[in-house]
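# What the coordinates show
The residues making up each chain are set out below.
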Amino acid sequence: RTECMSCRPHGLLPSNRTMRGRWLWAPLPLLRPLLLILALNGSALAAKDARPNFVLLMSDQWRADWTSFDLPKLRTKTFAKMAAEGTRFTRATTPAPLCNPARASLATGLAYPKHGILSTNKQDELSELNQTIYQILRTSGVRTMTVGKDDLTLLGKMFGEPCTHGAKSAHPLCGTKRSVQLGFDDFGRCYGKEFVSYVTNPVDPYMDALDKCGSFEKYKKESEACNLTGFISDKGYTCPGLSELKKENFIDDWIALKAQKFIAEAPEDKPFFLQVNYAGPHPPFVVTKAMIDARGGPREWPLAHNSTSLDAEAQQLVRENYALLIENIDQLNQDILDAIAKRGDLHKTYVCMFSDHGEMLGDFWDRSPIFEPFQKSSPYQASVSVPLVCIGPGVPAGRVVEDPVSTLDLASTVLELTGATVPPFFDSASMKDLLLGGEHDNRPTVSTLDYGLHRFSTAQRRLEGGHIWKLSCCKGVCPLGLDLRSGAAPPDETDWERQLFDLTEDPLERRNLYESRPEMALALRPALQSNFASCGEAAEAGVGPTPAPPVVVAKQADAKQAGQAGRMPSKPSSGFLQLYHASSDADDGSAFLQETWAVAPQPSRCLSEGDATCVA
């Protein structure tokens, strides 16, 4: 009955009702061979691939100390349930406290800035030369799925034409741009909440879905729910109005519903990988009536650290809406866990809940004359530290790891636990042994940004007496937020600011010990990203000279064509060059990083005159 099978998700058998209605009229002797074939085939499929599934639940801008473990009024029941059933990491950090670079590091297993994504400029897309974990998983036989805001590429034409679905479209179908090339089998990618203010027509699948139900204009008007208070210049933080969208049409709910659909329809004969990329709790902090109704009454939140001059009423509004967005995502994550359980796979699925980076939320308002301490792009813990909890087969229940770990290392962890090969050039180091109950190897975690006025690198590690120490070295100043205060002069980038904190004794980073404990700073400096390893000081014994700054191969280079032609470029004359080759096993044309050359700095930035392979 092939016509019956063809209308169902691949790999699924017809329901019993269909079989009763169409097949069981056959005499039993005729039916027995068919049943035997089906049984044997089903056994073969079950034995074919017993590898576990892996699900990443990633929020946007959720800081580490905003869970029910630190704030009992905050209802993060799913996070707490996963912590009881799995392992919670209290000192997880992002490789870069900014959306696009943090997600690029997770996708490529490369530390900032090796993947080439330095900031949130959406026209700076992840190069096709970068190999992704999604490509590796797909090649290994894992079904790869993603939904939501991944920030890896534009999703089609940025402005002008709306989403189109016909064959005559002059640009990629809505939201499909490079999705297959990145390594995804199923995808429902969209932009973040702030992006809608820049467009006139739907330009991603979420906006397109809203347009089809007559709600796109309501989404565009959500910024009207926010207003300027006179205290906080970013309008997206103080939002007393409510979203007009129905609950199921709110962006995070739409993402979660799409994820549940992918889970339900995933083939049963192979493992699956799913990355859920929420748009919240990132500003604008617009909430729905359903979120208000679910909270059970008004709450009062602790105010930001060192913020006596920041209006308390405005802070309460900001923090209540931030909490509501976190709680909504937490419940949506439970819905996703339920969807995994419904298909009988929860016992063989690893799930990690975390965020791309944190949120300053006004901390240090009183002592930040240059930057407004909201958003991210800061070396402080509120910006670089994120929640992280994981469950899955073999993960100890109720364990708490208090050593620093990096979300960069989730890239290799996913690959190793699903049986895929971790490329030797990855900076990401697998946490498999740690996740399954092993000891921490005391590797430092590093978080770096190097763009515009945000130039710093931080390193954290357990040192003397078992304390966690953190070093931050910043060109100009250590920024306390994303935007300059109104009227503030930019910092002098020829200056350096250096900070050293004993996070065990001083978790709020109030006492800078850089001058009084130089031996601790010296111990941490080698871990910093190479541009910052000197910390603006002359090289000292045990630290060595500052390496040349790393760079990446320009996007114009055609690595696949060069590999087929057998052409190898001559060694470059500046910085670092990442040399790529095309794999004969890759059917999607992706290039693979083979080696890195380090050479003496020279003025030239290209391999040869007129060469398209120009160092960016």
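Everything discussed here concerns the structure shown above.
One numbering rule holds for all chains: residues counted from 1, following each sequence as written. In keeping with the predicted nature of the model, local features appear solely for residues at pLDDT of at least 70, side-chain atom pairs appear and are counted solely at 80 or more, and the whole-chain, interface and lining totals rest on all residues. Note: side-chain values were computed over all heavy atoms of the structure, leaving out hydrogens and water.

### Description of the overall build of the chain
On a plain count of helices and strands, the chain comes out with 17 helices and 17 strands. In this scheme, a residue with accessible area under 20% of its type's maximum is buried, one over 50% is exposed, and one in between is partly exposed, where area comes from a 1.4 Å probe on protein chains only. A total of 616 residues make up the chain; the buried ones form 54% of that total. By definition in these notes, contact holds between two residues if any of their heavy atoms fall within 4.5 Å. Partitioning the contacts of the chain with sequence separation of at least 6, the portion at a separation of at least 24 is 71%. For the area figures, the Shrake-Rupley method with a 1.4 Å probe applies, and any residue is considered shielded solely by the protein chains shown. Surface summary for the chain: the accessible area is close to 25700 Å², and the carbon and sulfur share equals 54%. Comment: elements are numbered from the N terminus, with helices defined as DSSP H or I runs of at least four residues and strands as E runs of at least two.

### A closer look at the packing of helix α10 (residues 251-265) against helix α12 (residues 312-342)
Axis definition: a line fit to C-alpha positions, over the contact stretch in the case of helices; interaxial angles, taken between N-to-C directions, run 0 to 180 degrees. At a closest axis distance of 9 Å, the pairing of α10 and α12 adopts a crossing angle of 10°. As far as their axial angle goes, α12 and α10 are roughly parallel. Of the residues in α12, those in contact with Asp 252, Asp 253, Ala 256, Ala 259, Gln 260 and Ile 263 of α10 are Asn 328, Ile 329, Leu 332, Asp 335, Ile 336, Ala 339 and Ile 340. The nonpolar class holds Ala, Val, Leu, Ile, Met, Phe, Trp, Tyr, Cys and Pro. Asp, Glu, Lys and Arg form the charged class, and all remaining residues, Gly among them, are polar. The residue makeup of the contact of α10 with α12, split by class, is 8 nonpolar, 2 polar and 3 charged. Angle categories: roughly parallel below 35 degrees, roughly antiparallel above 145, roughly perpendicular from 65 to 115, and oblique for all the rest.

### Here we look at the state of the cysteines
We call a pair of cysteine sulfur atoms a disulfide whenever their separation is within 2.5 Å. Tallied over the full model, the rule gives 4 disulfides. In this model Cys 352 forms its disulfide with Cys 390; the gap between the sulfur atoms is 2.2 Å. Between Cys 352 and Cys 390 the sulfur-sulfur dihedral comes to about 110°; the bridge is accordingly right-handed. Taken as a pair, Cys 352 in strand β6 (residues 349-355) and Cys 390 in strand β8 (residues 385-391) lie far apart in primary sequence, 38 residues in all. With respect to burial, Cys 352 and Cys 390 carry one shared label: buried.

### Things to note about the environment of Asp 450
Mapped onto the fold, Asp 450 is located in strand β11 (residues 445-451). Its relative accessible area of 14% is what places Asp 450 among the buried residues. C-alpha of Asp 450 to C-alpha of Cys 474: the two residues are 24 residues apart in sequence and 9.4 Å apart in space. Residues within four places of Asp 450 in sequence aside, it is in contact with Tyr 112, Leu 118, Arg 455, Asn 531 and Phe 532.

### Section: the sheet that holds strand β15 (residues 496-502)
Reading across from one edge, β11-β12-β13-β15 is the order of the 4 strands in this open sheet, with antiparallel pairing throughout. On the outer flanks of this sheet lie β11 and β15, each paired with one strand and no other. For this sheet, the mean angle separating the axes of adjacent strands, direction not counted, is 10°. Strands pair, by our definition, only if DSSP identifies at least two bridges between them. Strand direction decides the pairing type here: strand β13 (residues 468-475) and β15, joined by 7 bridges, are antiparallel.

### Side note on the pattern of salt bridges
What counts as a salt bridge is simple: a side-chain nitrogen of Lys or Arg found within 4 Å of a carboxyl oxygen of Asp or Glu. On inspection of all chains with the given rule, the structure shows 35 salt bridges. For Asp 151, the salt bridge goes to Arg 103, with nearest N and O atoms at 3.7 Å. Taken together, the residues Asp 151 in the loop between β3 (143-148) and α7 (179-182) and Arg 103 in helix α5 (residues 99-108) connect sequence positions 48 residues apart. Between Glu 519 and Arg 517 there is a salt bridge, with the nearest N and O atoms lying 2.5 Å from each other. By relative accessible area, Glu 519 is classed as partly exposed at 39%.

### Here's the deal with unusual backbone geometry
Of note, the amide linkage connecting Gly 280 to Pro 281 takes the cis form, showing an omega dihedral of 5°. Structurally, Pro 281 is set in strand β5 (residues 272-281). Across the junction of Pro 283 and Pro 284, the peptide omega takes the value 5°, indicating a cis bond. Along the chain, the position of Pro 284 falls in the loop between β5 and α11 (289-295). Its identity is not glycine, yet Gln 61 carries a phi of approximately 80°, on the positive side. On the secondary structure map, Gln 61 appears in the loop between β1 (53-60) and α4 (77-85). Assessed through its relative accessible area of 0%, Gln 61 is described here as buried.

### With respect to the side chain of Ser 179
Inspection of the secondary structure puts Ser 179 in helix α7. Overall, Ser 179 belongs to the buried group, its relative accessible area being 0%. Reaching out from Ser 179, the side chain makes a polar contact with the side chain of Arg 189 at a distance of 2.9 Å. In contact with Ser 179, other than residues within four places in its own chain, are Phe 184, Phe 187 and Arg 189. As used in this structure description, the phrase polar contact means that two N or O atoms lie within 3.5 Å; if the pair is within protein, one of them must be able to donate a hydrogen and the other to accept it, and residues adjacent in sequence are counted only when both atoms belong to side chains.

### Focus on the packing of α4 against α12
When two helices pack together, their arrangement is given by the angle between the helix axes and by the axis-to-axis distance. Running from N to C, α4 and α12 cross one another at 55°; their axes reach a closest spacing of 7 Å. As far as their axial angle goes, α12 and α4 are oblique. The residues of α12 that touch α4, namely those facing Lys 77, Thr 78, Phe 79, Lys 81 and Met 82, are Asp 330, Gln 331, Asn 333, Gln 334 and Leu 337. Residues belonging to the contact of α4 with α12 are distributed by class as follows: 3 nonpolar, 4 polar and 3 charged.

### Topic: helix α14 (residues 410-417)
Counting buried residues in α14 gives 7 out of 8 residues, a clear majority hidden from the surface. Turning to α14, its buried residues are Leu 410, Ala 411, Ser 412, Thr 413, Val 414, Leu 415 and Leu 417. Looking one or two residues beyond α14, the residue adopting positive phi is Gly 419, at roughly 80°.

### Details of the packing of aromatic side chains
One pair of aromatic rings is described through two measures. These are the centre distance and the angle between the planes. Note on ring pairs: Phe, Tyr and Trp rings are taken, using the six-membered ring of Trp, and paired if centres are within 6.5 Å. Classes follow the plane angle, with under 30 degrees stacked, over 60 edge-to-face and the rest tilted. According to the stated counting rule, one finds 19 aromatic pairs in the structure shown. For the pair Tyr 134 and Phe 184, a centre-to-centre distance of 4.5 Å together with 35° between the ring planes defines the contact as tilted. Taken as a pair, Tyr 134 in helix α6 (residues 133-139) and Phe 184 in the loop between α7 and β4 (186-189) lie far apart in primary sequence, 50 residues in all. Classification of Tyr 134 by relative accessible area gives buried; the value is 1%. What makes Phe 184 buried here is its relative accessible area of 1%. Feature note: the residues Trp 66, Tyr 237, Phe 285, Trp 301, Tyr 322, Trp 365 and Phe 374 constitute an aromatic cluster, connected by ring pairs. Look at NZ for Lys and CZ for Arg. If either is within 6 Å of the ring centre and within 35 degrees of the ring normal, a charge sits over the ring. Here the basic side chain of Arg 485 rests over the ring of Trp 365, its NZ or CZ set 4.2 Å away from the ring centre.

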